[in-house]
Amino acid sequence: MEIAVLSDTHGDLADIKLFLEKVKGVDAIIHLGDYVSDGEYIRKYYNGRFIGVKGNCDFGGKDSEEVITNICGKKFLITHGHRYNVKFSLLNIKYKAMSEEIDVVLFGHTHKVFHDIIDNTLFINPGSLGDPRYTNKKTYCMLTIEKCEITYKIKEI
């Protein structure tokens, strides 16, 4: 299974179009918030499984603040991250992952790429597709789950 993960698009429809071209054929797309309207745009042009969550800049829309779901036998926590103060520390989100026995945490909010295994949980922030910080690279993540193994790669638009 291939999953494309993006975050913090902030209305950059031109790069979302490029992203959709690059990830044609993936099994799922996950949008980690800021802006939910961008997620709705993706839903119009992508027919596969879509999961979207609200970010700190999202005040409407039908998406939840966070989603906990099972994908290919792995338990995912999908969140923007602002409610866990991820700009300052991963401690709160780590405790959430531990309490829910999460395998993979996907979060955004910092606009900065991050990936690490912390206490046997994979944490990934794909960076920002619409408004990168600390770099000029607009990024997203490609996750692959095969035979219960997860691999990932951060990619640029």
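Before any of the text, the structure's been laid out above.
Residues numbered from 1 in each chain as written. Predicted model: local features only at pLDDT ≥ 70, side-chain atom pairs only at ≥ 80, totals over all residues. Heavy atoms only, no water.

Asker: When you look at the nonpolar core in this model, what are you seeing that I'm missing?
Answerer: Generally speaking, soluble globular proteins have nonpolar side chains that are buried together. Core analysis: the biggest nonpolar cluster contains 18 residues, and I3, V5, I30, F76, I78, L106 and L143 have the highest contact counts within it. Elements supplying a minimum of two residues to this core: β1 (2–6), β2 (28–31), β4 (66–71), β5 (74–79), β6 (104–106), β8 (121–126) and β9 (139–146). Setting aside chain neighbours within four positions, we find I78 in contact with I30, L32, I51, V53, E66, V67, T69 and L106. In terms of nonpolar packing, the next biggest core, distinct from the first, is built from 15 residues, V26, Y46, F50 and Y140 among them. (Core = buried A, V, L, I, M, F, W, Y, C linked by side-chain atoms within 4.5 Å. Buried < 20%, exposed > 50% of the residue type's maximum accessible area, 1.4 Å probe, protein only. Helix = DSSP H or I, 4+ residues; strand = E, 2+ residues; numbered from the N terminus. Contact = heavy atoms within 4.5 Å.)

Asker: Would you explain the side chain of D63 in this entry?
Answerer: Structurally, D63 can be placed in the loop between β3 (49–52) and β4. By relative accessible area, D63 is classed as buried at 9%. At a separation of 2.7 Å, a polar atom in the side chain of D63 contacts the side chain of R43. D63 has contacts with V36, R43, G52, V53 and K54, leaving out every residue within four places of it along the chain. (Polar contact = N/O pair within 3.5 Å; in protein donor to acceptor, adjacent residues only side chain to side chain.)

Asker: What's the story with the pairing of β9 in this structure? I'm lost.
Answerer: Taken residue by residue, a regular strand's side chains alternate between the two faces of the sheet. Extensive coverage of β9 is indicated by the burial of six of its eight residues. Strand direction decides the pairing type here: β1 and β9, joined by four bridges, are antiparallel. By the bridge assignment, E2 is partnered in β9 with T144. With eight bridges connecting them, β9 and strand β10 (residues 149–156) associate as antiparallel partners. Looking at β10, one finds that T139 is bridged to E156. Between β9 and β10, which follow one another and run antiparallel, lie two residues, and K147 among them has a positive phi close to 50 degrees. (Pairing = 2+ DSSP bridges.)

Asker: Where do I start with the sheet that holds β5 in this structure?
Answerer: In space, the five strands of this open sheet follow the order β4-β5-β6-β8-β7, with mixed pairing throughout. Every interior strand has two partners, whereas the edge strands, β4 and β7 (113–118), have only one. Going across the sheet, the axis of each strand differs from the next one's by a mean of 15 degrees, ignoring polarity. Relative to β6, β5 runs parallel, the two being bridged by three bridges. (Axes fitted to C-alpha atoms, helices over the stretch in contact; angles between N-to-C directions.)

Asker: What is the right way to look at the packing of aromatic side chains in this model?
Answerer: Here the distance between the centres and the angle between the planes together describe a pair of aromatic rings. Under the counting rule described, the total for this entry stands at three aromatic pairs. A ring pair is formed by F19 and Y140, whose centres lie 5.1 Å apart and whose planes are at 85 degrees; its orientation type is edge-to-face. Of this pair, F19 sits in helix α1 (residues 13–22) while Y140 sits in strand β9, and the two are 121 residues apart along the sequence. Judged by its relative accessible area of 0%, F19 falls in the buried class. Judged by centre distance (6.3 Å) and plane angle (50 degrees), the rings of F107 and F114 are tilted. Given a relative accessible area of 29%, F114 falls into the partly exposed group. (Phe/Tyr/Trp six-rings, centres within 6.5 Å; stacked < 30°, edge-to-face > 60°.)

The values are spatial; any link to function lies outside them.
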